[in-house]
Every structure is written in C-alpha cells, then in structure tokens.
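Residues per chain are reported as follows:
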Amino acid sequence: MAECHPVGFQWVMKAKRRGATIIHVDPRFTRTSAVADIHVPIRAGSDIAFLGALVNYIISNDCRFREYVVNYTNASALISEDFQDTEDLDGLFSGWDPEKGQYDPKSWQYRGVEVSPAAGHREMFSGEPRSERGAGIAAEEHDPTLTDPKCVFQIVKRHYARYTPEVVQEVCGVAPELFLKVARALCDNSGPERTGAFCYAVGWTQHTVGVQFIRTAAIVQLLLGNIGRPGGGIMALRGHSSIQGSTDIPTLYNMLPGYLPMPKASYDIDLAKYIEFNKSASGWWSEFPKYIVSLLKAWYGNNASAANDYCYHYLPHISGDHSHMVTVAAMADGLVKGYFVMGENPAVGSMNASLQRKGLRKLEWLVVRDFAPTETAEFWRSAPEVVAGDVKPEEIATEVFFFPCSAHTEKDGSFTNTQRLLQWHHKAIEPPGDCRSELHFVYHLGKRLKELYRDSLDAKDHPIRDLAWNYRELGEMQELDAEEVLAEINGHSLPDEKPLSAYTELKDDGSTACGCWIYCGCRKDGVNQAARRKPKDEQDWVALEWGWAWPANRRMLYNRASADPDGNPWSQRKKYVWWDPEEKKWTGYDNPDCIATRPPGLPPSRGGPGDRYPLRHRSVHHAGRREGVALRPERPIGRPASDPLRAAGVGLEEPALRAAVQPGAP
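Residues numbered from 1 in each chain as written. Predicted model: local features only at pLDDT ≥ 70, side-chain atom pairs only at ≥ 80, totals over all residues. Heavy atoms only, no water.

### Overview of the overall build of the chain
Consideration 1: A tally of regular secondary structure across the chain gives 20 helices and 20 strands.
Consideration 2: The buried share of the chain, reckoned over its 666 residues, is 52%.
Consideration 3: When contacts within the chain are restricted to residue pairs at least 6 apart in sequence, those whose partners lie at least 24 apart make up 65%.
Consideration 4: Of the roughly 30,600 Å² that the chain leaves accessible, carbon and sulfur atoms contribute 52%. (Helix = DSSP H or I, 4+ residues; strand = E, 2+ residues; numbered from the N terminus. Buried < 20%, exposed > 50% of the residue type's maximum accessible area, 1.4 Å probe, protein only. Contact = heavy atoms within 4.5 Å. Areas by Shrake-Rupley, 256 points an atom, 1.4 Å probe, with all protein chains shown as cover.)

Laid out in structure tokens, this is it:
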C-alpha cells in the first residue's frame, strides 16, 4: 500500500502515530512491511486458511462482539434440518449433483422458508451465470442464545474449527506464535470502543479464489462488529483513480449500470421475466423495476414505452461466459472480428500474453486508444514472436487503428474512488494534436453509426437507430459537455426534465429517466455535487460537502450498525449515526443507511423499500445463493498443491460454498 497507494497510505501512517496497530500480511517484505507493527510473510494463495483460523480463534476464545452478532447478522437464524456440512459428506456440502456438477441449494435454506425460483431454484452453471440476486430471503426461526446446532453460528463454529494455528503453519507457512499475535491484536482492537479495518488490493482479487478471500474476511469483520462502524469495514484499494467508477457504470460484460444484471438469454425473455428474476422482496432492490425502466428511458428516450417493454428487447442477452479470457480464446479461434482496446495493454499486461497476441493476429480489425502506441497497437511488428522470426508481419491481416487519447488534465470528468466518492476534475489545458477524450470518441462513433442505420428497416439495427443520442457539442473539436452526460446519469423527470434529487424519486411508469440509479442525486438541484470542495475546517470530519458518494451521498454503508439496537451509539468514541428521540428520526454525521423515521426496535417490514435496518442483513450464511454457508479452501486453478485439509474431510476439487456478505454493495 505504501508503494502503490501512497496518498491513501498517509492516513494509515497518521493512524499509526495516534496508536493504531498496523498489520501487513504479504509474501514480500515491502515498504509497507517496514513501517508495520507486525509483518506476516504468508505463502501466496493460502489466505483462506489464515482467515479461517482467525474465525476459529474469535469464536473459540469468545472474542466476538456478541450483541452485534446476535442483532446485526443472521448468526441466530436456524437452517434446514437437511443441511449437511463437509465433515458429514466427505468434503461436499449437501445438495451436490455429480451429473450436473453443481449444487441444489434447497437444503441450505432457512428453516421453514420456501424459496421462489428467483431466489435460487433456476439452473446454475458456469456457462450462463444466473441472476446476482433474487427474492429476498429472511429467516423465520431464530435462536438468540446461539446454541442450537442448526443455527448459523454453530454451523460456522463447527466448519471453521479445522483451521488451527498448526494448520496455518502447514498451509500458510506462518508460525503459530506469529498467527496468535495477529489474532490477539485484531481482537483487542475490536468491540464497542474500538474497530479494525481490512484493506486489500490485487493480492486478493487476482486469485481465482479471490472472492473467497474477501468473503472470509467479511465473516471475521462481522464476528468482531467491524461492519458499518467508523474505522471498520473491508476496503478494496482500487488500482486507478476511477476503477470503482468503471465498475459502477460499468465495464463488466454481465452488468448494466448500477449493478443491474445483464439479461440472460434463456430465461430473461421479456421485461416482466427479467424483473421477476431480479427483484428482491424487500430492501432497495424491491424497487428494481424503477431502476431498469428509468435506465431504458435514459437510453432510448421517446422510443421506449410501456407498449414495447421500454425497448428491453434491444439489450444484449448473454448466452454464456463472455469474460476477458474466454473472449481472447474465441479471438484465437477466429470467432471475433473486431476488438476495441481502450486504456489497456493486453499484449503484455494481461495473463497469457502470447495467447493475447495470437488472438490479435486473428482479428480483421483492432482499435487501440492510448497516450502513445503501445505493445498492443504495435504487436504486428514488435511482438516477441515477430522479433524472433516465428511470425512475419506480412502474414498478419489485422488492420490496426490507433487513436491518441486525452489525459485527465485535458478533459472534464469525474473520478469515483474506493469509498464510492465522486470527485469532479476540470480540464486544465486543451489536448494536443489529434488527442481526444473517450466521450468524444464514443459519441462521434455512435453518431456515425446512427447515421449509417438511420433508414434501416432491419431489426438488428434498431437498437442503434433508436438510441437517444442528442448531446451538445462544444468548440472546434466538437467535444461533449461532460456535465450534460453527468446530468443524464443523475436522471430527470419526464417530460419536464427536472433533475432528480435521489433514487427514491425514480418511477417504473416511464416518467423518469436515469442513467445509473446509484448515482441519482449526484446533480441534485441541477448542481454538480461531485465538484463541491468545502474546506475541512468548515464542516465536520465526515465531510459530506466534499464531492458526493453513492448512494445518497452516504459515506458509510450499513451505518445503522454504528448504533446499538436501541439507537444509541455503541460508545461516544465511535458514535456515527444515532436515533434522536426528540426529533423522532435518525441523525448523525452521515446520512443514515435506514429509513430515517423508523424507530429502533421496529423489525423490518416485508416488501417495503428502504429496509436497510441492519438486523440480519449482514450474513455469515446466505440461503438463496450458491455462496451459501461457509468457506473452505478451493485449489487455485493450475496449482498442484498438496492437500493437508483432506484429513479433515475437505475436498478441494468440488465447488466451495462462500459467505454472502458484500461490503460496499448497494
């Protein structure tokens, strides 16, 4: 972090000067290690065993934040009597179908709860990922004493008992004494008066089991009461100033803006089915129809109406895995004709670079946008295969188009950082020569395509022909007004086009348009909220008037958990939001992540919007997803490691179940 995220690391050093304990878990000894209080040289890829041992230590030594765990997680929920763990089935969880090679999650459900098809009964397989969310599932039966063998807490306790300091030594290469030092430090810095945070980057995310690493850390933080409280959480250190923004809007093949799933070809056959399979029974996802209809109105304008499902059928419907490496393999097989590479350099920067270059050689055309010609733009003449004489440039038929791009100092726009904070940057100088912004490139490409298909009657051309593509052009370069695009993302009412102030104003009847529901409010009252720069000495430490954070300018998700069940701060030292009995509403330093007028002690309603009340919202078990009950190591792809956990009944080849906590998710 000290080397790759130096600006953020200044706050780590400030915390250290104030007495914080810094623990650095990394195979290498880096500049971060040099200033850390504890450095743990862990074996690469063995993090699940290390984190699992932390879970075991917390439970075995009764270090959990009991009141938090009972009230703010699903630890007390009772699971179906049919559920069996890996100890019972020689490394498999109940529900495994060897013929299909997948799990039936029926036995993982909360006791007495029937699950709708939207919540997990549809077929799940790697070729076509199912919906990321379904009907919200709430447990009906609980054991607040956490002693019932079938409650989530006891299941987690049994599952993680195998992860001992000795196992950590064997799997991770970390001495038991060092592991125990970390465990004690973490537990000592958690509870009503103190919190601890996890920070991770590509050292976790780039593993094939990276999701498991992060979700195991989530279990640790839930047990310690470190979610939704100041100084806690699990923070992804993004590798670029707006990687978070590119995920939000997004650049993922299976997502639409605001984490709406891309329609699946086999079952999201119309708008009604798409909504059915993705709408949740409660919480903000119960308003899913408003988000997708408003997005379609933003994209297709007057061409989108209830009569034509708001042009839902224009959206691509994915039929399989279209992720990066799968696409590269298809390129190498000659199945992809053209490829846009914008701000990436896969010829040397992606895994299996030789396969990347082989794929590039099979294209008909390649478009590269970057500051200067890269190895990808010049693969046809400077690739190692070409230099070695194994491939001749004249044998490569790919036509390459290189477009120089503008730097961030040469264009207006926004960055969205790790904490979901939008900050606006203004153009300082004009771009030189032929350099243009991404907005300019995409807009003018779309403009030419629309002109090309303007009179087409072919149905496949209608999604481009009917796009709402009317933007104001500025200056001789015909650059777009970036704030006008921000206004479209923020959303407006129809037909008067008044800016929306919050996503709670979105409608599903076609009377609102919004390019990304979680960003709704970033241009409240027609003012660019991301451009605000109120000095720190003119506001409190949370600084709600510096930039704008999604959703609803909320700087910490799940912040209702920063107060106890009665609405009082767990401690004055860690107060953040709390219930004001005189005003009869939630107040504090941040915008409360719950219904502001709902008093403490009132259980969440069924099916209502905004049920962000934290009771059992953060899960160490999720009954409706494949990532269900607990975690165990899953052998990383291509790693022929030994199996020290086989004796504990853990099979590494089968798909693992995972915890379902998603810190930072909307």
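What follows continues from the structure just given.
### Description of the packing of aromatic side chains
Consideration 1: As enumerated under the stated definition, the model contains 33 aromatic pairs in all.
Consideration 2: Ring plane angle 75° and centroid distance 5.2 Å describe the contact between Trp285 and Trp517, whose orientation is recorded as edge-to-face. Here Trp517 lies in the loop between strand 17 (512-513) and strand 18 (548-549) and Trp285 lies in the loop between helix 11 (271-278) and helix 12 (288-300), a separation of 232 residues in the sequence.
Consideration 3: Between Tyr443 and Tyr471 the ring centres are 5.9 Å apart and the planes differ by 90°, which places this aromatic pair in the edge-to-face class. With a gap of 28 residues between them, Tyr443 in helix 18 (residues 438-452) and Tyr471 in the loop between helix 19 (462-465) and strand 14 (473-474) connect regions that are remote in the sequence.
Consideration 4: Under the relative-accessibility criterion, Tyr443 is labelled buried at 5%.
Consideration 5: By relative accessible area, Tyr471 is classed as buried at 17%.
Consideration 6: Here the aromatic residues Tyr274, Trp284, Trp285, Phe288, Tyr291, Tyr312, Tyr503 and Trp517 are joined through ring pairs into a cluster of three or more.
Consideration 7: Geometry around Trp380 places Arg381 over its ring, the cationic atom sitting 6.0 Å from the centre.
Consideration 8: Between Lys575 and the ring centre of Trp578, over which it is positioned, the NZ or CZ distance is 4.3 Å. (Phe/Tyr/Trp six-rings, centres within 6.5 Å; stacked < 30°, edge-to-face > 60°. Lys NZ or Arg CZ within 6 Å of the ring centre and 35° of its normal.)

### Remarks on unusual backbone geometry
Consideration 1: In this model, Leu494 is joined to Pro495 through a cis peptide bond whose omega is 5°.
Consideration 2: Position of Pro495 relative to the elements: it lies in the loop between strand 16 (492-493) and strand 17.
Consideration 3: The linkage connecting Trp550 with the following residue, Pro551, adopts the cis geometry, with an omega of -10°.
Consideration 4: Residue position: Pro551 is located in the loop between strand 18 and strand 19 (577-580).
Consideration 5: One non-glycine residue with positive phi stands out, namely Tyr310, at about 55°.
Consideration 6: Judged by relative accessible area, which is 8%, Tyr310 ranks as buried.

### What to know about the sheet that holds strand 18
Strand pairing in a sheet takes place through backbone hydrogen bonds and is either antiparallel or parallel in direction.
Consideration 1: Strand order in this open sheet of 3 strands is 12-13-18, and the pairing throughout is antiparallel. Each edge of the sheet is formed by a strand with only one pairing partner; in this case those strands are strand 12 (413-416) and strand 18.
Consideration 2: Across 4 bridges, strand 12 lies against strand 13 (residues 421-425) in antiparallel orientation. Of the residues in strand 13, the one forming a bridge with Thr416 is Leu422. (Pairing = 2+ DSSP bridges.)

### Things to note about the environment of Tyr72
Consideration 1: Counting through the fold element by element, Tyr72 comes out in helix 4 (residues 66-72).
Consideration 2: Residues Tyr72 and Ala561, 489 residues apart in the sequence, show an inter-C-alpha distance of 6.9 Å.
Consideration 3: Of the polar contacts made by the side chain of Tyr72, one reaches the backbone oxygen of Ala563; its length is 2.5 Å. (Polar contact = N/O pair within 3.5 Å; in protein donor to acceptor, adjacent residues only side chain to side chain.)

### A look at helix 9 (residues 210-224)
Consideration 1: Under the 1.5 Å per step criterion, the end-to-end length of helix 9 is 22 Å for 15 residues, consistent within 8% with the ideal 21 Å.
Consideration 2: Phi for Gly225, located one or two positions after helix 9, is positive at around 75°. (Expected span 1.5 Å × (residues − 1).)

### Details of the pattern of salt bridges
Consideration 1: Inspection of the entire model under this criterion finds 22 salt bridges.
Consideration 2: Across the salt bridge formed by Asp26 and Arg28, the nearest N and O atoms sit 3.3 Å from each other.
Consideration 3: Given a relative accessible area of 53%, Arg28 falls into the exposed group.
Consideration 4: Across the pair Glu430 and Lys427 runs a salt bridge, and its minimum N-O distance is 3.1 Å.
Consideration 5: A cluster of three or more residues bridged by salt bridges with shared partners is formed by Glu81, Arg111 and Glu141. (Salt bridge = Lys/Arg side-chain N within 4 Å of Asp/Glu carboxyl O.)

### Description of the confidence of the model for the chain
If pLDDT is low for a region, its predicted coordinates should not be looked at in detail.
Consideration 1: On average, residues of the chain carry a pLDDT of 87, and 87% of them reach 70 or more.
Consideration 2: Taken together, the stretch residues 606-618 has pLDDT below 50 and engages in 66 contacts with residues farther than four places along the chain or on a different chain.
Consideration 3: Residue range residues 622-666 is modelled with pLDDT below 50. Its contacts to residues more than four positions away, or to other chains, number 152 contacts. (pLDDT = per-residue confidence, 0-100.)

### Some words on a positive patch on the surface
Consideration 1: Taken together, the side chains of Lys14, Arg17, Arg18, Arg194, Lys536 and Arg573 present a region of like positive charge at the surface.
Consideration 2: Note on placement: Arg194 falls in the loop between helix 7 (176-188) and strand 5 (198-200).
Consideration 3: On the basis of relative accessibility, which here comes to 31%, the residue Arg194 falls in the partly exposed class. (Patch = residues over 30% accessible without salt bridge, like charges linked within 9 Å, V, L, I, M, F, W, Y side chains within 5 Å. Lys, Arg positive; Asp, Glu negative; His and termini not counted. Charge placed at Lys NZ, Arg CZ, Asp CG, Glu CD.)

### Considerations on the sheet that holds strand 11 (residues 399-404)
Consideration 1: Judged by pairing direction, the sheet is parallel, and its 3 strands sit side by side in the order 9-10-11 without closing on themselves. In this open sheet, the two strands that pair with only one neighbour each are strand 9 (338-342) and strand 11. Ignoring which end each strand starts from, the neighbouring axes of this sheet average 10° apart. (Axes fitted to C-alpha atoms, helices over the stretch in contact; angles between N-to-C directions.)

### Focus on the pairing of strand 9
Consideration 1: The alternating pattern of strand 9 places Tyr339 and Val341 on a buried face, while none of Gly338, Phe340 and Met342, on the opposite face, is buried.
Consideration 2: In this structure, strand 9 lies alongside strand 10 (residues 365-370), joined through 5 bridges in parallel fashion. Across the sheet, the residue bridging to Met342 is Arg369, located in strand 10.

### Quick notes on the packing of helix 3 (residues 47-60) against helix 9
Consideration 1: Close contact between helix 3 and helix 9 brings their axes to 9 Å; oriented N to C, the two are set at 15°. Between helix 3 and helix 9, the crossing angle belongs to the class labelled roughly parallel. Seen along the crossing, helix 3 lies across helix 9 with a hand that is left-handed. Residues Asp47, Ile48, Leu51, Gly52, Leu54, Val55, Ile58 and Ile59 of helix 3 pack against Gln212, Phe213, Thr216, Ala217, Ile219, Val220, Leu223 and Leu224 of helix 9.
Consideration 2: Looking at the contact of helix 3 with helix 9, its residues break down into 12 nonpolar, 3 polar and 1 charged. (Parallel < 35°, antiparallel > 145°, perpendicular 65-115°, else oblique. Left-handed = near helix turned anticlockwise from the far one by under 90°. Nonpolar A, V, L, I, M, F, W, Y, C, P; charged D, E, K, R; others polar.)

### Looking at the environment of Gln206
Consideration 1: The topology assignment puts Gln206 in the loop between helix 8 (202-205) and helix 9.
Consideration 2: Look at Gln206 and you get exposed, because its relative accessible area is 59%.
Consideration 3: Taking the C-alpha atoms as reference points, Gln206 and Gly45, separated by 161 residues in sequence, lie 10.0 Å from one another.
Consideration 4: Within the structure, the side chain of Gln206 is placed 3.5 Å from the side chain of Thr205, a separation counted as a polar contact.

### What about the side chain of Asp26?
Consideration 1: Topologically, Asp26 is positioned in the loop between strand 1 (23-25) and helix 2 (31-35).
Consideration 2: Residue Asp26 is classed as buried on the basis of its relative accessible area of 13%.
Consideration 3: Reaching out from Asp26, the side chain makes a polar contact with the backbone nitrogen of Arg28 at a distance of 2.8 Å.
Consideration 4: If we skip the residues at most four places from it in the chain, Asp26 touches His39, Val40, Pro41 and Ile42.

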